[in-house]
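# Structural description and commentary
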Amino acid sequence: MAALQRRKVTVIGAGNVGATTAQRIAESGLADVVLIDIVEGLPQGKGLDLAEAAPVVGHDARIVGTNNYDDTANSDVIVVTSGIARKPGMSRDDLLNTNAGIVRSVVTESAKRSPDAIIVVVTNPLDAMCHVALKASGFPKHRVIGMAGTLDSARYRTFIAAEAGVSVEDVRAFVLGGHGDTMVPLPRYSSIGGIPLPEFLSAERIEAIVKRTRSGGAEIVELLKTGSAYYAPAAATFEVVESILLDRRRLIPCAALLEGEYGISGLYVGVPIVLGASGIEKIVEITLTVDEAAAFRRSADAVKELVDLL
Ligand code: APR
């Protein structure tokens, strides 16, 4: 009998988001995990710590921490979380160019060792970093995906559930557009147990929730003072990775390269996609009202502004 080979996921960046994502993947038992970072000792230390949790949690996934890209060879999925957070005095453009340099180098190093992998980009500014990863990898567009919509939707669902006093599990909702202040939460396509949202909440309450969702990341940054969110980002990243590894064909919002869909061309923007073993299996186009389409267009324009700066 041929030996069964566990799948392999590389997580680049052993910071808060990377290490927590590595933990989720390893603890699911779905894949072996290689955690890689530029800082010596950091991925090794966190990798060892995670490996030592395995007997207690009860999984057999191997976790390796490394600074050497050779250890990432033949990965099925590459998750990119490496980057720096915006520091005081740093402009958005500084952040853009610094993280673009980091993403370009880590994707170049990892993609050539795993030419068939699917890349999941998490580093911000997300939509622009997807463009960098697509170019640096030379991969086809269905194998370079941005994780943002799953996180934005999760925040949206959390707030809706709390407001309506129902289980988060029964709230279906999604968010279109770029991962930023211009994201477009869509109340019209949101429901609780299949019942449209306006049956539960007033227009004013929905609007307040939409507003809070848009600044969901900033709300956490403000509370933490240093650093940004990572539990929900890691959980949302795991959702994306799992759908790929298990070919679940989940219909979830992710950043995908649009080429004509929604009337947009050559731009990564958050849209509903079917996510399976080959990456983006399908981009789902939904009808938008005039207002929703205008908001979506504004969001795409904001992404384009950043991409043009690269
Ligand atoms: N190669 C590998 N790792 C790198 C590189 C590089 N060239 N440059 C930086 N890193 C690593 C850092 O050493 C650090 O361990 O990336 C890691 C980033 O971790 P954190 O600073 O803890 O940031 P985190 O909160 O994990 O966020 C990572 O995800 O959600 C986004 O906005 C967030 O862009 C940010 C990213």
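In short, a report on the structure. Sequence order as written defines residue numbering, which begins from 1 separately in each chain. Only residues with pLDDT of at least 70 get local features here, since the model is predicted, and only at 80 or more are side-chain atom pairs given and counted; chain-wide, interface and lining totals rely on the full set of residues. Excluded from the side-chain calculations are hydrogens and water; all other atoms, namely the structure's heavy atoms, are used.

## Describing the site of the ligand
Residues are labelled near a given molecule or strand when at least one of their non-hydrogen atoms is within 4 Å of it. What surrounds the ligand is a group of 17 residues, the closest being Asn 16, Val 17, Asp 37, Thr 81 and Asn 124. Under the rule applied, a polar contact is a pair of N or O atoms within 3.5 Å (in protein, one hydrogen donor and one hydrogen acceptor; residues adjacent in sequence only if both atoms are side-chain atoms). Interatomic distance of 3.3 Å between a backbone N/O atom of Ile 38 and a nitrogen atom of the ligand. In the model, an oxygen atom of the ligand is placed 2.8 Å from a nitrogen or oxygen of the Asn 124 side chain. To measure how exposed things are, a 1.4 Å probe is used in the Shrake-Rupley method; for residues, cover is taken only from the protein chains shown. Taking 730 Å² as the accessible area of the ligand by itself, protein coverage stands at 80%. By the criteria applied, helices consist of DSSP H or I runs no shorter than four residues and strands consist of E runs no shorter than two, each listed in order from the N terminus. Contributions of two or more residues to the shell around the ligand are made by α1 (16-28) and α3 (92-113).

## Remarks on the packing of α3 against helix α4 (residues 126-137)
Lines are fitted to the C-alpha atoms to define the axes, a helix being fitted only along its stretch in contact, and any angle between axes, read from their N-to-C directions, falls within 0 to 180 degrees. Contact geometry of α3 with α4 gives a least axis separation of 8 Å together with a crossing angle of 35 degrees. Seen from above, α3 lies across α4 with right-handed handedness. Touching Leu 96, Asn 99, Ala 100, Val 103, Arg 104, Val 107, Thr 108 and Ala 111 of α3 are Ala 128, Met 129, Val 132, Ala 133, Ala 136 and Ser 137, all from α4. When residues are grouped by polarity, Ala, Val, Leu, Ile, Met, Phe, Trp, Tyr, Cys and Pro land in nonpolar, Asp, Glu, Lys and Arg in charged, and all others, Gly among them, in polar. Residues belonging to the contact of α3 with α4 are distributed by class as follows: 10 nonpolar, three polar and one charged. The hand of a helix crossing depends on one turn: near helix anticlockwise from the far one by less than a right angle means left-handed, and clockwise means right-handed. Between two residues, a contact is recorded if the distance between any of their heavy atoms is within 4.5 Å.

## Remarks on α1
Take the number of residues in a helix, subtract one, and multiply by 1.5 Å to get its expected span. With 13 residues, α1 should reach 18 Å at 1.5 Å per residue; the first-to-last C-alpha distance of 18 Å fits that figure. Listed as buried for α1 are Val 17, Gly 18, Ala 19, Thr 20, Thr 21, Ala 22, Ile 25 and Ala 26. Turning to α1, the residues buried within the fold contact β1 (7-12), β2 (31-36), α2 (42-57), β3 (63-66) and α8 (231-245). In the segment just after α1, Gly 29 is the residue with positive phi, at about 75 degrees. Here's how the labels work: a residue is buried when its accessible area is under 20% of the maximum for its type, exposed when over 50%, partly exposed in between, all with a 1.4 Å probe on protein chains only.

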